[in-house]
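# What the coordinates show
Single-letter residue listing:
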Amino acid sequence: MTLDAFRRVGFFADLDEAELHAVGARCERRDFEAGATIIDEGVEGPGLWIVVSGQAEVLKGRGARAMVIAKIQKGEPLGEMSLLTSSPTSATVRAASRVRCQFIPRASFHALLDEHPTIARKVLWKFGETISKRLVQVERHFAQTLRRRSRTATIRHLGSLWWLATRMMWSYTRVWFRRLIRWPHKPEALSRIHRTNARRFKRTAFKLKGANVKLGQLASLQVHLLPSEYIEEFRDMRDQVSPTEYPLIVGTIQTEFGLSPLEVFDEFDRVPLAAASMGQVHVARLPTGEKVAVKMLHPGLERAVDVDLWVMRRLLGVMSLFTRKLDLRELYRQSEEPLRKELDLMHEAKATEEIGRELAKLGVKVPQVHTRYTTQRVLVSEFIDGCALDDLEQIDAWGVSRAKLMQDYLKAFFHQAFEGGFFHCDPHPGNAFCMRDGTLVMIDFGMVKRLPPLIREGLLKEALGGFFANAKLYADGVIMRGMIGESERGKLEETAATLFADPEIRQALFDHDTKKDGDMKRLFGKLGETLDQFETFRMPKDELMFLRALGIVITTVREVSPETPLQQLAMPVLMPIMMRFMAAHPEFSNMSIGGPPR
């Protein structure tokens, strides 16, 4: 074999003839029959191969989908990057005929560099130049890809939403019309319609990501409002969003750090651990050896959220024309801020640290953030080995008490909301883990909210008044929040006492428990009629995220520990809060639970 084959390897371009002979002395002969695999995609590269005779093929993909993308002829090298790095190989190389190669193992080459400092200096210098050029190419490719996607992405996004809405509206218009003419669908046919529409929404949300997946995740917990087919189909939207392609992830890290993943981390798993509405998580290892979770926003997410919010604003604006007292535009205003803050992972890092300090007092774990490796689009935190709260089979296998776990979960939420006022707005089961020893772990603090003190105290009075069926305390909270004026206190207390005395309404509001599919429609209709009686009613501010999170928490508790009544789990959590509240408000200290002051 001539030295020309070595000169084709970019790292050896500056070596003289004697130095190339020293490299050649490290070679081993390897022969392969036609069809044999020389290099397998995704494995750690073993070293450098140089084809001496025969022909090899470079393939992408596996099995029947494998495609030949290049051919390797006599004298051409392959696998040169694996001489100096342990990164996974990017393609499979297969012998197209009988192939003879000269092979330099990575370990043998490293020994050569140790013995010959001059060769090491020249090789590493050319390696640095090569890597720099490749990184520039990756960054340019990433930028070009984003530009291409952005040209038509907004139109495609809006078109997908319009097509989804049209198909679902047409489907349910037919259901409504058949009911109108008293020829309703049979239960099994109606069930198929619900499931078909749920799958349509899920497919569109997975494609568009962003706020659409957030909506599906929230809907998956509304067992008291939606048909069971939607709940079943939306359940996997908590942690099974389609991931972003790895080359774009490489581009994100290159853009944020100016380095490739394997230059920032010692190890970086190409396959994501999980993908969510706003980003995805990869497992990596820091140069210090610590295992970490690397969260990255999906490329183009800002545009997707802008489109989703634009659609939501227009839709709620139109719907507000048909609601007399509910200002649906206020719902949009309260939703917009948390969603936009999720686009900044630096904000999430600060929220994680702040809430983590509070929850540590309760024995609840929050992953430690590595601020050195965190940017606006990348967040690196401690890796937590556990399972999601809805993985009931694993929790039972570990022998963890579900009731105790749910009490910790309730305690964590109420402590955040009422003690500190800064709370996790999206505590669904995909954002809460259980460790092997039963420790509760809260993650993903992208959507958080800080409640003003007045609103916090009003919500506390309302929550405690409702939970303990005390109409006066409940009315104090509602009026303090500005929802209903002081002039209608008497009517409010009377109405609250009536509602609390109705067991069906108590089960629906506080247990999220109904017996029949039509219960919630009837009960919410009754609540709507009740609101119409109050002339001073105003849409409450600064609390939509709390009510959303509270609904998620209640539903999650019922899902994870269905055999234990919610009140039984919540009572030990709420009683200390109630006692501290009474100490701060002596006027309520002599009040009996479920009745007026004695």
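Being a predicted model, the structure only gives us computed values, none of them experimental. (Residues numbered from 1 in each chain as written. Predicted model: local features only at pLDDT ≥ 70, side-chain atom pairs only at ≥ 80, totals over all residues. Heavy atoms only, no water.)

### Topic: the overall build of the protein chain
Scanning the protein chain from terminus to terminus reveals 21 helices and 18 strands. Considering only residue pairs separated by 6 or more positions, the protein chain has 69% of its internal contacts joining residues 24 or more positions apart. Approximately 29400 Å² of the protein chain is accessible, and the part contributed by carbon and sulfur atoms is 56%. (Helix = DSSP H or I, 4+ residues; strand = E, 2+ residues; numbered from the N terminus. Contact = heavy atoms within 4.5 Å. Areas by Shrake-Rupley, 256 points an atom, 1.4 Å probe, with all protein chains shown as cover.)

### A few points about the sheet that holds strand 4 (residues 56–60)
Here four strands make up an open sheet; going across it, the order is 2-7-4-5 and the pairing antiparallel. If you trace the sheet from one side to the other, it starts and ends with strand 2 (37–39) and strand 5 (67–72), each paired once. Mean inter-strand twist for the sheet, computed between neighbouring axes without regard to direction, equals 35°. Here strand 2 pairs with strand 7 (residues 92–95) via two bridges, running antiparallel. Across the sheet, residue Ile39 finds its bridge partner in strand 7, namely Val93. (Pairing = 2+ DSSP bridges. Axes fitted to C-alpha atoms, helices over the stretch in contact; angles between N-to-C directions.)

### Quick look at the pairing of strand 11 (residues 279–285)
Across the seven residues of strand 11, five count as buried, placing the element largely inside the fold. By the bridge criterion, two bridges tie strand 9 (residues 267–268) to strand 11 in an arrangement that is antiparallel. By the bridge assignment for strand 11, Glu267 is matched with Arg285. Between the end of strand 10 (residues 274–275) and the start of strand 11, which pair antiparallel, lie three residues. In terms of strand pairing, strand 11 meets strand 12 (residues 291–297) through seven bridges, oriented antiparallel. Within strand 12, the position partnered with Val281 by the bridge is Lys295. (Buried < 20%, exposed > 50% of the residue type's maximum accessible area, 1.4 Å probe, protein only.)

### Section: the packing of helix 14 (residues 402–420) against helix 20 (residues 544–560)
Viewed as axis vectors pointing N to C, helix 14 and helix 20 meet at an angle of 170°, and their least axial separation amounts to 10 Å. Here helix 14 is positioned roughly antiparallel relative to helix 20, judged by the angle of their axes. Facing Arg402, Met406, Tyr409, Leu410, Phe413, Phe414, Ala417 and Phe418 of helix 14, the residues of helix 20 in contact are Phe546, Ala549, Leu550, Ile552, Val553, Thr556, Val557 and Val560. The class makeup of the residues in the contact of helix 14 with helix 20 is 14 nonpolar, one polar and one charged. (Parallel < 35°, antiparallel > 145°, perpendicular 65-115°, else oblique. Nonpolar A, V, L, I, M, F, W, Y, C, P; charged D, E, K, R; others polar.)

### A short note on the nonpolar core
Soluble globular proteins tend to bury their nonpolar side chains together. Counting residues in each nonpolar core, the largest one holds 65 residues, and the members touching the most others are Leu389, Tyr409, Phe423, Leu440 and Met442. One finds Phe6, Val9, Ile50 and Met81 within the second-largest nonpolar core, a separate group that totals 24 residues. (Core = buried A, V, L, I, M, F, W, Y, C linked by side-chain atoms within 4.5 Å.)

### Concerning the pattern of salt bridges
A complete count under the given rule lists 31 salt bridges for this structure. Its salt-bridge partner being Glu348, residue Lys295 comes within 2.9 Å of it at the nearest N-O pair. On the criterion of sequence distance, the pair formed by Lys295 in strand 12 and Glu348 in helix 12 (residues 345–360) is long-range, its members being 53 residues apart. Note on accessibility: Lys295 and Glu348 belong to one class, buried. Salt bridges sharing common partners tie together Lys472, Asp476, Glu486, Arg489 and Glu493. (Salt bridge = Lys/Arg side-chain N within 4 Å of Asp/Glu carboxyl O.)

### A closer look at the side chain of Ser561
With respect to the helices, strands and loops of the structure, Ser561 is situated in the loop between helix 20 and helix 21 (566–584). Excluding residues that lie within four positions of it along the chain, Ser561 makes contacts with Arg402, Ala403, Met406 and Leu569.

### Here we look at helix 12
If you check helix 12, its first and last C-alpha atoms are 22 Å apart, about what 16 residues at 1.5 Å a residue would give, namely 22 Å. Among all positions in helix 12, only Leu345, Glu348, Ala349, Ala351, Thr352, Ile355, Gly356 and Leu359 are buried. All buried residues of helix 12 project into a common sector of 165° when viewed along the axis, lining one side. The exposed residues of helix 12 that point more than 90 degrees off its buried face are Lys350 and Arg357. Looking at the packing, one finds that the buried side of helix 12 touches strand 12, strand 13 (378–382), helix 14, strand 15 (422–424), strand 17 (440–442) and strand 18 (448–450). Where helix 12 begins, the side chain of Asp344 points an oxygen toward the backbone nitrogen of Met346, at a separation of 3.0 Å. (Expected span 1.5 Å × (residues − 1). Arc of directions from axis to C-beta. Polar contact = N/O pair within 3.5 Å; in protein donor to acceptor, adjacent residues only side chain to side chain.)

### Notes on the confidence of the model for the protein chain
Summary statistics for the protein chain give a mean pLDDT of 81 and a share of 80% for residues scoring 70 or more. Across the protein chain, element-level confidence peaks in strand 17 with a mean pLDDT of 97 and bottoms out in helix 19 (residues 519–532) with 59. In this model, residues 593–598 is a region of pLDDT below 50 whose contacts with residues beyond four sequence positions or in other chains number eleven contacts. (pLDDT = per-residue confidence, 0-100.)

### Points about the packing of aromatic side chains
This model, assessed by the stated rule, comprises twelve aromatic pairs. Relative to Phe418, the ring of Phe414 lies with its centre 5.8 Å away and its plane at 10°, an arrangement referred to as stacked. Here Phe418 and Phe414 lie together in helix 14, a separation of four residues that amounts to about one turn. Taken individually, Phe414 and Phe418 each receive the classification buried, so the pair is uniform in this respect. Taking 6.1 Å as the distance between ring centres and 85° as the angle between the ring planes, the aromatic pair formed by Phe423 and Phe546 counts as edge-to-face. On the criterion of sequence distance, the pair formed by Phe423 in strand 15 and Phe546 in helix 20 is long-range, its members being 123 residues apart. As far as the burial class goes, Phe423 and Phe546 line up, both buried. In this structure an aromatic cluster arises from ring pairing among Phe413, Phe414, Phe418, Phe423 and Phe546. Over the ring of Trp183 we find Arg178; its NZ or CZ atom is 3.9 Å from the centre of that ring. The ring of Phe383 carries the charged tip of Lys291 above its face, separated from the ring centre by 4.3 Å. (Phe/Tyr/Trp six-rings, centres within 6.5 Å; stacked < 30°, edge-to-face > 60°. Lys NZ or Arg CZ within 6 Å of the ring centre and 35° of its normal.)

### Observations regarding the environment of Gly47
By the element assignment, Gly47 lies in strand 3 (residues 47–53). Relative accessible area serves as the criterion here: at 0%, Gly47 is assigned to the buried category. Residues Gly47 and Phe109, spaced 62 residues apart in sequence, show a C-alpha to C-alpha distance of 8.3 Å.

### Some points on the environment of Lys122
For Lys122, the location among the structural elements is in helix 4 (residues 117–180). On the basis of relative accessibility, which here comes to 17%, the residue Lys122 falls in the buried class. The spatial distance from the C-alpha of Lys122 to the C-alpha of Phe12 is 7.7 Å, given a sequence separation of 110 residues. Aside from chain neighbours lying at most four places away, what touches Lys122 is Phe11, Asp14, Leu15, Asp16 and Glu19.

### What about a nonpolar patch on the surface?
On the surface, a cluster of nonpolar side chains totalling about 600 Å² of accessible area is made up of Trp176, Phe177, Leu180, Ile181 and Trp183. Relative to the helices and strands, Ile181 is located in the loop between helix 4 and helix 5 (187–208). Given the relative accessible area of 44%, Ile181 is considered partly exposed. (Patch = residues over 30% accessible without salt bridge, like charges linked within 9 Å, V, L, I, M, F, W, Y side chains within 5 Å.)

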